[in-house]
Amino acid sequence: MSTMRPSPEPGHRSADTVLWQKFCVPYAYPVVFTRDMFDARNTVLPDMLSLREADKRHRCLVFADRGLLSARPGLTARILAFAEAHAQVMELVAPPVPTPGGEIVKTESRHLATIEDTIRRNRIDRHSYVIGIGGGAMLDAVGLAAALAHRGVRHIRVPTTVLGQNDSGVGVKNAVNVQGVKNYAGTFAPPWAVINDLDLLATLEPEDRRAGIAEAVKVALIRDAAFFDWIEAHVADLAAFVPEAEEAMIRHCAALHMRQIAEGGDPFETGSARPLDFGHWAAHRLESITHHQIRHGEAVAIGIALDTRYSVLEGRLSEGQDERVASVLEGLGFRLWHPGLGLRDREGKSQILAGLDAFREHLGGA
């Protein structure tokens, strides 16, 4: 049976030749766990700088979270002394540059412009390094600037929050917010290396330290039931930031995120399946309508509670499993209600549910 093809419309012209370009680019970067990375005896950073070019002095530009520098007054001097101790491997082109942390660095475009200008003025090229030391939001902005400079300069992340060390800091994304839209402008740009210095968590405020645990609950729920059982069994230790429990949680959570990115089949999110965004449609919307008065991890905890409740209502989870998840989150110290959840627009529609429409757009309309 033959099939007749309709004749082209007048004026229509088919392509004479189609050339398909196809190639694969392997990505590999280390995520290193250490302590006191700026002790002169610790060679983790020099080792990362020398991964490909061992016999070279590498030019480095360091951006450091302003809040971290305030909490650790001697950190700038330690970084300068460390660079001097390893002068055969690294050269600081300028003293560490204090940079705003938190969502303000992602929301006010002047901060990204300042970072970009600092990279340009210090003549950082594609064989030099931009080193970001700070929380997830600050690393997002520095990572984006590094990805844009010369179409990508070498970038080393040093996350200083639980959320950065177990989730955002080990991934491949960088972004800033535009006109209230979370992570609207950004890139997929894997870092050169990630260094998780567990000692840098010590000066975090309890709320910031707790916020990152929400991402561990999330990835456990979507990818590792045994890990969720472990979190449930260690709720009290995690809530009290017992070092052994906190470190085990960060290491396993980071490994699960890395496995999802590497083996999930869609590291640059070209499809519409986004398992790592479980709980995030509500979280992003809640952050936006409260003008980021709520921390990302706190918003994610609420989003997880909403999504697990929905799963029970839809018959995808058995009755009571949502209460189990909520109990774990509350045991960790999260509050699962925020007044922003009750906000409505002028037409009486729920503002939080508008986050669903935003996510549909983010995923291509599905």
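See above for the structure.
Here's a quick rundown of the structure. (Residues numbered from 1 in each chain as written. Predicted model: local features only at pLDDT ≥ 70, side-chain atom pairs only at ≥ 80, totals over all residues. Heavy atoms only, no water.)

A word on the nonpolar core. Among the nonpolar cores identified, the biggest contains 51 residues, and F227, I231, M249, L286, L329 and L332 are the most heavily contacted of them. Every residue in contact with I231, bar those within four places of it in the chain, is listed here: A216, V217, A220, L238, V328 and L332. Among the nonpolar cores identified, the runner-up in size contains 28 residues, and V32, A64, L92 and I195 belong to it. (Core = buried A, V, L, I, M, F, W, Y, C linked by side-chain atoms within 4.5 Å. Buried < 20%, exposed > 50% of the residue type's maximum accessible area, 1.4 Å probe, protein only. Contact = heavy atoms within 4.5 Å.)

As a further point, take helix α9 (residues 213-223). Within α9, nine of the eleven residues are buried, which leaves the element mostly enclosed by the surrounding structure. Taken residue by residue, α9 has I213, A214, E215, A216, V217, K218, V219, A220 and I222 as its buried positions. (Helix = DSSP H or I, 4+ residues; strand = E, 2+ residues; numbered from the N terminus.)

Attention now moves to the pattern of salt bridges. Tallied over the full model, the rule gives 24 salt bridges. With its nearest N and O atoms 3.1 Å apart, the salt bridge here joins K182 to E287. Of this pair, K182 sits in strand β8 (residues 181-188) while E287 is found in helix α13 (residues 280-289), placing the two residues 105 residues apart along the sequence. Of the charged contacts in the structure, one is a salt bridge between R295 and D208, with a shortest N-O distance of 2.7 Å. Note that R295 is positioned in the loop between α13 and α14 (296-313) and D208 in helix α8 (residues 206-211), a separation of 87 residues in sequence. For D208, a relative accessible area of 30% translates into the label partly exposed. Here the salt bridges do not stand alone but share partners, grouping R35, D199, E247 and R251 into one network. (Salt bridge = Lys/Arg side-chain N within 4 Å of Asp/Glu carboxyl O.)

What follows covers the environment of E103. Tracing the sequence through the fold places E103 in the loop between β4 (97-99) and α4 (104-107). Given a relative accessible area of 19%, E103 falls into the buried group. For the pair E103 and G136, spaced 33 residues apart in sequence, the C-alpha to C-alpha distance is 9.2 Å. Among residues more than four places away in sequence, those in contact with E103 are A137, N177, K182, E287 and H292.

It is worth spelling out the pairing of strand β6 (residues 154-159) at this point. Among the six residues that make up β6, six are buried, leaving the element largely enclosed by the rest of the structure. In the classification by handedness, the crossover that spans strand β5 (residues 129-134), the intervening helix α6 (residues 136-148) and the parallel β6 is right-handed. Both β6 and strand β9 (residues 193-197) contribute to a ladder of two bridges, which runs parallel. Bridging across to β9, I156 finds its partner in A193. (Right-handed = clockwise from strand over helix to strand, strands pointing away. Pairing = 2+ DSSP bridges.)

Let us now look at the side chain of H58. Its place among the elements puts H58 in strand β2 (residues 58-65). Judged by its relative accessible area of 0%, H58 is buried. Only 3.5 Å separates the side chain of H58 from the backbone oxygen of K56, close enough to count as a polar contact. Apart from residues no more than four positions distant in its own chain, H58 is found in contact with L49, S50, E53, V89, M90, E91 and Y129. (Polar contact = N/O pair within 3.5 Å; in protein donor to acceptor, adjacent residues only side chain to side chain.)

Attention now moves to the packing of aromatic side chains. Tallying each qualifying case throughout the model produces five aromatic pairs. Seen from their ring centres, F38 and F82 are 5.6 Å apart, and the 85 degrees between their planes marks the pair as edge-to-face. Here F38, found in the loop between β1 (31-34) and α1 (44-49), pairs with F82, found in helix α3 (residues 75-85); they are 44 residues apart in sequence, far enough to count as distant. Here the aromatic rings of F188 and F268 are separated by 5.4 Å at their centres, their planes lie at 35 degrees, and the arrangement is tilted. (Phe/Tyr/Trp six-rings, centres within 6.5 Å; stacked < 30°, edge-to-face > 60°.)

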